[in-house]
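Below, each chain spelled out in residue letters.
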Amino acid sequence: MKTVIMAGGRGSRLAELTENTGNGIPKPMIPIEGKPLLERAVDCLREQGFTDLILTVGWRRQAIMRYFGDGSGDSPATGRAFGVHISYFEEHTPMGNAGALVRLADSLKEDFLLLNGDLVFDVDLNRFLAFHREKGGLASLLVHPNDHPSDSGLIETDAEGRVIRWLTREEERPSCSRNQVNAGIHLISPRLLDAHRPDAVDKIPPEPIDLDRDLLKPLAGTGQLFAYRSPEYVKDCGTPVRYGEICRDWRRGLAARRSLRHRQRAVFLDRDGTLNRHVGFLKSPEEIELLPGAARAVRMLNRAGWLVILVTNQPVVARGEVTEDELRAIHGRLETLLGQNGAWLDDIYYCPHHTDRGFPGERPELKIECACRKPRPGMLLQAAGDYSIDLEHSWMAGDRESDVAAGRAAGCRTALLWNGAEAPRRLPQESRQSERLPPNCGQTVTCRDLQDFVLRLLEETQEENGNEDEKTGKQTGGKSEPAGGTLSDTGPDQGRNSRSVSSDGGDL
Ligand SMILES: [Zn+2]
């Protein structure tokens, strides 16, 4: 399979990085820990068998062509062979990032991989390819949640992964959008180019052609464009700030750790009473209110490279009280609120089933004994298969015994969240003990709330959370986010609990 890398961009926002080195360098040659970022992309491609590369080059193309040659030589950075075959398409006048593609159409007879040239990534490409082949669309986009969805283009999909709406950065978005951003990695069928190709190359109009605006976005809603959601590391090196983040992430090994080529560690989270306030049966997006510290906790897990996966029982669907579309909006609201705090969920699994009958409008097909309703472990096991999760080194955190039971049944370690901000709202039968002692249901640890758990987890595993956390916490104001505090604060005097939170837990 051919890979086309669009490496012709000018990168004018990165002038302070590209202009400081004598003659100046093009954006794809910016070093990430001693290697040009384009070479890191070539490494990732070669390791997975993608060795037939076409680079479209324009601005300062000679620097790229001199460095890589035809790919048969050795890397000046490492002395080791590039191990790929490279050909070039030279743009002498700006033709837009897809202008070259249309002109290359004759040499792109099969599905091909198309990459933005300023990406730093570690992605399991063959997994993405399997998705693309199964869906059979004109194009598949790799989409992912990011930490700034409010100023990113958002991709809305249906349950099968078809793109139903594509909102650009400039467009106003609903207050309950899923955090799904186009990452700049695509699989494209040559049939897509057919529609844009006149019968001869010299008849192609000279106007620049933009990949997103002219080729891909018009496919939204046609059923021919699919989105493959991935939690893997993909960042564009578009600004000096992001460049700094990428270098730091690379040093910490974050990109490799998040790649689905490797086994993942996850924290599974319950929803109501763990991330957001418990309001009984939650039925509309407006009822979602994040608990204090919850967004900060998720953000710390994101930055430390843990997958964060929501697993929630939603019997309201079986009862006919909430449709699947409404549930999507509720979860979109949850993702939007988290996104405003720089936090994201890597995925959401819900169980729509319930066996109790007798509700008006109930859906008989969902009135079943299923394998996914907690305390059963079905959602965790499904996620483990989808994301290559090492359950033994993963955690389930929630405020119910059924969360602990589901986690244990899946083979995870478990955290019971007890006596945090939700304590006064617990249903009476669950707080019968006047001291509100946490039940012993086999949990690995008992923590006050999600933030308490995450702080302890990261301390025990001695992981960095990127050291950006405090800064971001201040920027986002955090009306609902207390100052955090150290683990030693979570003693008996802090909660209503008469027992020390840490004494009954055991080691993380
Ligand atoms: Zn179920």
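Residues numbered from 1 in each chain as written. Predicted model: local features only at pLDDT ≥ 70, side-chain atom pairs only at ≥ 80, totals over all residues.

## Here's the deal with the overall build of the protein
To keep it simple, the criterion reads: Starting at the N terminus, helices and strands are each numbered in turn, a helix being any DSSP run of H or I of at least four residues and a strand any DSSP run of E of at least two. With C-beta atoms placed from the backbone, the exposure class of a residue follows from how many other C-beta atoms lie within 10 Å of its own: 20 or more, buried; 12 or fewer, exposed; in between, partly exposed. C-beta atoms are placed from the backbone for every residue, and two residues are taken to be in contact when these atoms lie within 7 Å.
Of the regular secondary structure elements, the protein holds 16 helices and 19 strands. Burial statistics for the protein: of 508 residues in total, 46% are counted as buried. Partitioning the intrachain contacts of the protein with sequence separation of at least 6 by distance along the chain shows that 77% fall at a separation of at least 24.

## Focus on the packing of helix α10 (residues 294–304) against helix α15 (residues 450–460)
In plain terms, the rule: Think of each axis as a best-fit line through the C-alpha atoms, taken over the contacting stretch in the case of a helix, with angles from 0 to 180 degrees between the N-to-C directions. Any angle from 65 to 115 degrees is called roughly perpendicular, while one under 35 is roughly parallel, one over 145 is roughly antiparallel, and all others are oblique. Here is the rule for handedness: rotate from the far helix to the near one, and if that takes an anticlockwise turn smaller than a right angle the crossing is left-handed, while a clockwise turn gives right-handed. Nonpolar residues are Ala, Val, Leu, Ile, Met, Phe, Trp, Tyr, Cys and Pro. Charged residues are Asp, Glu, Lys and Arg, and all others, Gly as well, are polar.
Running from amino to carboxyl end, α10 crosses α15 at an angle of 25 degrees, the nearest separation of the two axes being 8 Å. In this view, α10 runs roughly parallel relative to α15, as classed from their interaxial angle. The hand of the α10/α15 crossing is left-handed. Residues A294, R296, A297, M300, L301 and A304 of α10 pack against L450, Q451, V454 and L458 of α15. Across the contact of α10 with α15, the residue classes break down as 8 nonpolar, 1 polar and 1 charged.

## So, the confidence of the model for the protein
Filter applied, for reference: Each residue carries a pLDDT score, the predictor's confidence in it, ranging from 0 to 100.
Scored by pLDDT, the protein comes out at a mean of 85, with 84% of its residues at no less than 70. At the level of individual helices and strands, the protein shows its lowest average pLDDT in helix α16 (residues 469–475), which scores 39, and its highest in strand β14 (residues 266–269), which scores 98. Counted against residues more than four places away or in other chains, residues 466–507, with its pLDDT under 50, gives 58 contacts.

## Regarding helix α12 (residues 324–340)
What counts, and what does not: Given the number of residues in a helix, its expected span is that number minus one, multiplied by 1.5 Å.
Helix length check: α12 (17 residues) gives 24 Å between terminal C-alpha atoms against 24 Å at 1.5 Å per residue, within 8%. When we look at burial in α12, the residues that qualify are L327, I330, H331, G332, R333, L334, E335, T336, L337, L338 and G339. A positive backbone phi angle near 70 degrees is found at G342, which sits one or two residues after α12.

## Considering the pairing of strand β5 (residues 85–90)
Basically, it comes down to this: When DSSP finds two or more bridges between two strands, those strands count as paired. When the strands point away from the viewer and the connection leading from the first strand across the helix to the second strand turns clockwise, the crossover is called right-handed.
Sheet topology note: the strand β4 (residues 52–57)/β5 ladder contains 6 bridges and is parallel. Paired with D52 across the two strands is H85, which belongs to β5. The β-α-β motif built from β4, the intervening helix α3 (residues 61–68) and the parallel element β5 has right-handed crossover chirality.

## Here we look at the pairing of strand β11 (residues 181–188)
Buried residues dominate β11, accounting for 8 of its 8 residues. In this structure, strand β6 (residues 112–116) lies alongside β11, joined through 4 bridges in antiparallel fashion. The residue bridging L113 from the neighbouring strand is L187, located in β11. One ladder, built from 5 bridges, connects strand β8 (residues 139–144) with β11; its direction is antiparallel. Residue pairing in the sheet places L141 in a bridge with H186 of β11.

## Re the environment of H393
As for its position among the elements, H393 is in the loop between α13 (378–387) and β17 (395–398). The exposure class assigned to H393 is partly exposed, which follows from the 14 C-beta atoms found within 10 Å.

## Overview of the nonpolar core
The criterion, for reference: By convention the nonpolar core is taken to be a set of buried residues drawn from Ala, Val, Leu, Ile, Met, Phe, Trp, Tyr and Cys and joined through C-beta atoms within 7 Å.
Counting 70 residues, the largest nonpolar core has A41, F121, A139 and L142 as the members making the most contacts within it. No other element matches the 6 residues that helix α2 (residues 37–47) contributes to this core. Residues within four places of A139 in sequence aside, it is in contact with H186, L187, I188, S189, L192, L216, L219 and L225. L282, A384, V445 and L455 belong to the second-largest nonpolar core, a separate cluster that totals 63 residues.

## Here we look at helix α5 (residues 125–135)
The condition is simple: Summarising the geometry, the arc corresponds to the directions from the helix axis toward the C-beta atoms.
If you check which residues of α5 are buried, you get L125, F128 and H132. Buried positions in α5, seen along its axis, are confined to an arc of 60 degrees and lie on one side of it. Opposite the buried face of α5, at more than 90 degrees from it, the exposed residues are A130, R133 and E134. Two residues or fewer after α5 comes G136, characterised by a positive phi angle close to 70 degrees.

## Describing the sheet that holds strand β19 (residues 445–447)
Reading across the sheet, the 6 strands line up as β16-β15-β14-β17-β18-β19 and stay open at both edges, with parallel pairing between neighbours. Looking at strand neighbours, the two that pair on one side only are β16 (347–351) and β19, the edges of this open sheet. Strand-to-strand twist across the sheet, computed as the mean angle between neighbouring axes with direction ignored, equals 25 degrees. For strand β18 (residues 413–417) and β19, the ladder comprises 3 bridges, and the chain directions are parallel. Residue pairing across strands places L417 opposite C447, the latter belonging to β19.

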